[in-house]
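Take a look at the letters that make up each chain.
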Amino acid sequence: RMHRENEARALTRRENVLNARGWRWRVVKAMRDTHPGLVQRLESSETAYLRAGGDAFIDAVPSRDIARNEIAHVAFNAEASFCAYADGCFFSRGRLPSSLVDFFGTNEPLSIGNTIPYLALSHDGRYYAVNSFGHEAWNAVGDAEYPILHGNEDVSYLDRNARKYENFASDRFDALARRRDAREKLSRVAFGVSGSWFAVFKNGRWEANGVPDRLVNFVHANGSSPAEVSLGADDTYFVRTRDGEVDFLLP
């Protein structure tokens, strides 16, 4: 009986792997066409990990080498891709918003601080960024005509009636990004269509605007804080909470 149960469990695991691989390769194939450089970098990191012995990699090499190969953040839209490593280095391809080129700086040793760079991109020009020195920059309105914001500017001179994307959503996100309390700083950001966004704070709390009801209901029902969130078109999304539970609606 135990042998049959073990065989059944093994068969279930194999089926799950095959199903997951099917979805994975469908995504990778699509990404190869739009962001070949990003796919190559992701695969190179995974290859380095596997060649070093998989899980044994953690004990086999210095922590600096682990950080050099460990991908911490990935962001992309139709025009650009961004990949940050745990050692503070980053790589980008395509057309990032021009304001971010100088903001992120270079991968020269003197240009790398102690914070892992982070970037959230949208398809309409909005973004939220943190460079390796922990400095923040964001664009909540998606209009290239308006300047990059670092949280200390006087924006009262802006003609709010003339701002093409002016609405409660952009003003609210701007207010959240300007918070100075370290516990209330942004930890993760996802931008969706029609001005929607999902923001997670370092204290575990979260706030969202214009996201699918199913996503909000799942997070509320789970009771844990979101760890990763992605938003897509047609109410598609992916969310993983800190307890490891996931929910998604994919194209």
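Treat the numbers as computed from the prediction; the structure is a model and nothing was measured.

J.: Outline the pairing of strand β3 (residues 90-94), listing residues and values.
T.: As paired strands, strand β2 (residues 80-85) and β3 are joined by five bridges and run antiparallel to one another. Pairing of F82 across the sheet is with S92, part of β3. The hairpin turn running from β2 into β3, its antiparallel successor, is four residues long, and G88 in that turn takes a positive phi close to 100°.

J.: Tell me what's going on with the sheet that holds strand β1 (residues 71-76), and back it up with residues and numbers.
T.: With antiparallel pairing, three strands are arranged side by side in an open sheet as β1-β2-β3. Each edge of the open sheet carries a strand with a single partner, namely β1 and β3. Going across the sheet, the axis of each strand differs from the next one's by a mean of 10°, ignoring polarity. Across five bridges, β1 lies against β2 in antiparallel orientation. Bridging across to β2, H73 finds its partner in A84.

J.: Quick rundown of the environment of V200? Include the residues and the values.
T.: Position of V200 among the secondary structure elements: in strand β8 (residues 197-201). Taking C-alpha positions, V200 is 5.5 Å from S187, a pair spaced 13 residues apart along the chain. The contacts of V200, once residues within four sequence positions are left out, are K185, L186, S187, R188, R205, W206, S225 and P226.

J.: Mind laying out the pattern of salt bridges, listing which residues take part and the relevant values?
T.: What the rule picks out here adds up to ten salt bridges. Residue R183 is joined to D181 by a salt bridge in which the shortest nitrogen-to-oxygen separation is 2.9 Å. Overall, D181 belongs to the partly exposed group, its relative accessible area being 29%.

J.: Describe in detail the packing of aromatic side chains, supporting the description with residues and values.
T.: In the structure shown here, the tally under the stated rule is eleven aromatic pairs. An angle of 35° between the planes, with centres 4.9 Å apart, marks the rings of F82 and F104 as tilted. Taken together, the residues F82 in strand β2 and F104 in helix α5 (residues 98-104) connect sequence positions 22 residues apart. Relative accessible area serves as the criterion here: at 5%, F104 is assigned to the buried category. Between F90 and F104 the ring centres are 5.4 Å apart and the planes differ by 40°, which places this aromatic pair in the tilted class. Taken as a pair, F90 in strand β3 and F104 in helix α5 lie far apart in primary sequence, 14 residues in all. Taken together, the ring pairs in this structure connect Y118, Y128, F173, F191 and W197 into an aromatic cluster. In this arrangement the basic side chain of R179 is found over the ring face of F201, its NZ or CZ atom lying 5.2 Å from the centre.

J.: Give me the lowdown on helix α6 (residues 168-177), citing residues and values where you can.
T.: Listed as buried for α6 are A169, S170, F173, D174, L176 and A177. Mapping the buried residues of α6 onto a view down its axis gives an arc of 160°, with all of them on the same face. Where α6 is buried, its residues meet β5 (127-130), β6 (136-139), β7 (186-191), β8 and β9 (206-209).

J.: Give me the lowdown on the sheet that holds β9, citing residues and values where you can.
T.: With antiparallel pairing, three strands are arranged side by side in an open sheet as β7-β8-β9. The strands lining the two open edges of the sheet, one partner per strand, are β7 and β9. Direction aside, the axes of adjacent strands within the sheet are offset by 10° on average. Inspection of the sheet shows β7 paired to β8 by five bridges, in the antiparallel sense. Looking at the pairing, F191 lines up with W197 of β8. Against the sheet, α6 makes contact with β7, β8 and β9, and its axis sits at roughly 15° relative to β8, the strand it touches most.

Calculation criteria
Residues numbered from 1 in each chain as written. Predicted model: local features only at pLDDT ≥ 70, side-chain atom pairs only at ≥ 80, totals over all residues. Heavy atoms only, no water. Pairing = 2+ DSSP bridges. Helix = DSSP H or I, 4+ residues; strand = E, 2+ residues; numbered from the N terminus. Axes fitted to C-alpha atoms, helices over the stretch in contact; angles between N-to-C directions. Contact = heavy atoms within 4.5 Å. Salt bridge = Lys/Arg side-chain N within 4 Å of Asp/Glu carboxyl O. Buried < 20%, exposed > 50% of the residue type's maximum accessible area, 1.4 Å probe, protein only. Phe/Tyr/Trp six-rings, centres within 6.5 Å; stacked < 30°, edge-to-face > 60°. Lys NZ or Arg CZ within 6 Å of the ring centre and 35° of its normal. Arc of directions from axis to C-beta.

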